[in-house]
Amino acid sequence: MPVTILAIESSCDETSASICVDGKILSNFIANQTVHEQYGGVVPELASRAHMQNIVPVVDRALASAGCTLSSLDAIAFTQAPGLIGSLLVGAQFAKSLALSLDKPLITVHHMQAHVLANLIAEEKPDFPFICLTVSGGHTQIVLANSPLDLKVIGETIDDAAGEAFDKSAKLLGLPYPGGPLIDKYAASGNPLKFKFAEPQIPELNFSFSGLKTSVLYFLQKQEPGFIQQNLADLCASIQYTIIRILLKKLQKAITQTGVKNVCIAGGVSANSGLRKGLTEMGEKEGWKTYIPKFEYCTDNAAMIAITAYYKYLEGQFSSLEAGPTARAEW
Ligand code: KG4
Ligand code: ZN
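Thresholds, definitions, all that
- By convention here, each chain's residues receive numbers from 1 onward along its written sequence.
- All chains are assigned letters beginning at A, and all ligands numbers beginning at 1, according to the order in which they are written.
- Selection of residues for local features in this predicted model requires a pLDDT of at least 70, selection of side-chain atom pairs for listing and counting requires 80 or more, and totals for whole chains, interfaces and linings are taken over all residues.
- Processing note: side-chain calculations cover all non-hydrogen atoms of the structure and skip hydrogens and water entirely.
- By the criteria applied, helices consist of DSSP H or I runs no shorter than four residues and strands consist of E runs no shorter than two, each listed in order from the N terminus.
- The globule rule used for comparison is 2.2 Å times the number of residues to the exponent 0.38, while the radius of gyration itself is calculated over C-alpha atoms.
- Each residue gets one of three labels from its accessible area relative to the maximum for its type: buried under 20%, exposed over 50%, partly exposed in between, using a 1.4 Å probe on protein chains only.
- What makes two residues a contact is simply this: any of their non-hydrogen atoms within 4.5 Å.
- Residue burial considers only the protein chains on display, and all accessible areas are found by Shrake-Rupley using a 1.4 Å probe.
- Under this rule, positive means Lys or Arg and negative means Asp or Glu; His and the chain ends count for nothing.
- Where a charge sits is defined by one atom per residue type, namely NZ (Lys), CZ (Arg), CG (Asp) or CD (Glu).
- Take a side-chain nitrogen of Lys or Arg and a carboxyl oxygen of Asp or Glu: if they are within 4 Å of each other, that pair is a salt bridge.
- N or O atoms closer than or at 3.5 Å make up a polar contact, with two conditions inside protein: a donor-capable atom paired with an acceptor-capable one, and, for residues adjacent in sequence, both atoms drawn from side chains.
- For Na, K and Ca the donor cutoff is 3.2 Å, while for all other metals N, O and S atoms must lie within 2.8 Å; water is not among the atoms, so some sites may look incomplete.
- A four-donor site is called tetrahedral if each angle lies between 85 and 135 degrees; a four-donor site is square planar, and a six-donor site octahedral, when trans pairs exceed 155 degrees and the remaining angles lie between 65 and 115; all other cases are labelled irregular.
- Residue proximity to a molecule or strand is established when one non-hydrogen atom of the residue lies within 4 Å of it.
- Definitions used throughout: a 1 Å grid over protein atoms alone; a cavity as a set of points that fits a 1.4 Å probe which cannot get out; a pocket as an open set with protein on both sides within 12 Å along at least five of seven lines; a lining residue as one with an atom within 4 Å of a point.
- Grid points are joined across faces, edges and corners, and a volume is the space filled by probe spheres set on the points.
- When residues are sorted by character, Ala, Val, Leu, Ile, Met, Phe, Trp, Tyr, Cys and Pro go into the nonpolar class, Asp, Glu, Lys and Arg into the charged class, and all the rest, Gly among them, into the polar class.
- Aromatic rings from Phe, Tyr and Trp, with only the six-membered ring used for Trp, were paired whenever their centres fell within 6.5 Å, and each pair was classed as stacked if the ring planes differed by under 30 degrees, edge-to-face if by over 60, and tilted otherwise.
- Any Lys NZ or Arg CZ that is within 6 Å of a ring centre and within 35 degrees of that ring's normal is treated as a charge sitting over the ring.
- Definition used in this section: a nonpolar core is a set of buried Ala, Val, Leu, Ile, Met, Phe, Trp, Tyr and Cys residues joined via side-chain atoms within 4.5 Å.

This part takes up the overall build of the chain. Secondary structure summary: the chain contains 9 helices and 10 strands in total. Relative to its length of 331 residues, the chain is compact, with a C-alpha radius of gyration of 20 Å against a globular reference of 20 Å. Structurally, the chain occupies a C-alpha span of about 65 × 45 × 30 Å along its principal axes. Counting all 331 residues of the chain, 53% fall into the buried class. Summarising the internal contacts of the chain: among those between residues at least 6 apart in sequence, 72% fall at separations of at least 24. Of the roughly 14,600 Å² that the chain leaves accessible, carbon and sulfur atoms contribute 53%. Both charge centroids of the chain, one from 26 positive and one from 31 negative side chains, sit 6 Å from each other.

Below you can see the structure in the form of structure tokens.
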């Protein structure tokens, strides 16, 4: 009998539901919350309210598009941590109520593990072990994946995440939230070597991005009015170039240290065209096998929760109905 899983993701400002049958994603619906744009960041209270409005229609669409009904489900999965607690609660309560009423098993999923396992959705999957650079709005990690459920963080940021570096730099340039995709867009027509920003020297496989934001701030403070408008593309290209250099240098160090040459990226920042191109080029030069998830599986989505839940299902890793969400969680 095929295994059919409904997964729900609501950790931040995207409400998403996905159906996975035997490890294949049949549907993945995402409702984006545009309400936060005017505030320059995600407003937790508004995010929870939007999840409440979105969750039923999003689940209905995921079921309908996969040709499933509630009775065909074998398990219900949800993102347990980390994230905004009010947002997580909406997905958790919905999933638990459904599991209780259908009398089906419940599976809890760690959001950052799911970002890594988004690489197992594609037809061409990486062999284990692999190294994954996970770059999102809240995290920047290098992960050694020995098997689907044996993942080890071997490096991470000591302050800002790579996504924050994009978003905070974008804010300094007067761009709306989230600024990462806009920097990517303007960078396409800019000169990445026009301006030079600070690259921190951090030991081991760890990262730091707070100095970059300060370096951009001090640089902009010294300029004449109108400078940003006249140089927007070059500024975006130079900021993006610096962030990617920091990321790829550490990735290269991780590969040298571990000897693992299957290399993946994951998380919202892995949607960045410069990072995707940079990784591909570096992989060709260094003899790595590189894997990059489709765009829809880079930013927050329930398909990555579903694929992780599938591997947990195969291992019999179910949770009780007492399982609640937590804002922070170690692996
Ligand atoms: O993984 P994600 O969707 O949510 C979290 O779990 O944090 O990542 C969101 C982050 C934001 O900082 C956003 O600006 C960044 O991913 N992002 C990008 C791009 N698309 C999303 N950053 C740079 N270039 C992009 N194309
Ligand atoms: Zn995420």
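Still more to cover.
Attention shifts here to the pattern of salt bridges. What the rule picks out here adds up to 11 salt bridges. Glu 199 serves as the salt-bridge partner of Arg 245, at 2.7 Å between the closest nitrogen and oxygen. With Arg 245 in helix H7 (residues 227-258) and Glu 199 in the loop between helix H5 (180-187) and helix H6 (210-221), this residue pair connects regions lying 46 residues apart in the sequence. You can call Glu 199 partly exposed: its relative accessible area is 21%. Here Glu 296 ties to Lys 294 by a salt bridge, and the two come within 3.8 Å at their closest N and O atoms.

Another aspect to go through is the side chain of Ser 10. For Ser 10, the position within the fold is in the loop between strand S1 (4-9) and strand S2 (14-21). Looking at Ser 10, its side chain comes within polar contact range of the main-chain nitrogen of Gly 91, at 3.2 Å. Once residues lying within four places of it in the same chain are set aside, the contact partners of Ser 10 are His 51, Thr 79, Ser 87, Leu 88, Val 90 and Gly 91.

For a metal bound by four donors in tetrahedral geometry, the ideal donor-metal-donor angle is 109.5 degrees, whereas six donors in octahedral geometry ideally sit at 90 or 180 degrees. For the zinc ion (ligand 2), the full set of protein donor atoms is His 111 (NE2), His 115 (NE2) and Asp 300 (OD), at a range of 2.0 to 2.1 Å. Coordination at the zinc ion (ligand 2) is irregular, judged from the 4 donor atoms that bind it and the angles of 94 to 144° they form at the metal. Within one chain, the residues donating to the zinc ion (ligand 2) are spaced in sequence as H-x3-H-x184-D. Of the two residues, His 115 is situated in helix H3 (residues 111-117) and Asp 300 in the loop between strand S10 (289-291) and helix H9 (303-314); the sequence distance between them amounts to 185 residues. For the pair shown, His 115 and Asp 300 are each scored as buried.

This paragraph deals with the site of ligand 1. For ligand 1, the set of nearby residues contains 19 residues, the closest of which are Gly 137, Asp 167, Asp 184, Gly 268 and Asn 272. Gly 180 places a polar main-chain atom, nitrogen or oxygen, 3.3 Å from an oxygen atom of ligand 1. Here ligand 1, which alone exposes 550 Å², has 88% of that area covered by the protein. Looking at the shell around ligand 1, the elements with two or more residues in it are H3, helix H4 (162-172) and H5.

Reported here for the second largest pocket is a volume of approximately 460 Å³. If you trace the second largest pocket, you find 18 residues lining it, with Tyr 241, Ile 244, Gly 274, Gly 278 and Glu 281 closest to the centre. For the lining of the second largest pocket, the secondary-structure elements that each account for two or more residues are H5, H7 and helix H8 (273-286). Of the residues assigned to the lining of the second largest pocket, the class counts are 8 nonpolar, 5 polar and 5 charged.

This next bit is on the packing of aromatic side chains. Within this structure, the stated rule accounts for 8 aromatic pairs. Taking 5.8 Å as the distance between ring centres and 70° as the angle between the ring planes, the aromatic pair formed by Phe 219 and Phe 227 counts as edge-to-face. Each of the two residues, Phe 219 as well as Phe 227, counts as buried. Its guanidinium or amino end placed over the ring of Phe 295, Arg 276 lies 4.0 Å from that ring's centre, counting from NZ or CZ.

Turning our attention to the nonpolar core. Nonpolar side chains in soluble globular proteins generally cluster together in the buried interior. Judged by nonpolar contacts, the single largest core of 44 residues is most densely connected at Ile 243, Leu 247 and Leu 251. If you list the elements that add at least two residues to this core, you get strand S6 (130-135), strand S7 (140-147), H4, H5, H6, H7, strand S9 (262-266) and H8. Not counting residues up to four positions away in its chain, the partners in contact with Leu 247 are Leu 133, Val 135, Thr 140, Ala 162, Phe 207, Phe 209 and Leu 275. Cys 132, Met 304, Ile 305 and Tyr 311 belong to the second-largest nonpolar core, a separate cluster that totals 32 residues.

It is worth stressing that arrangement in space is one thing and function is another; only the former is reported here.
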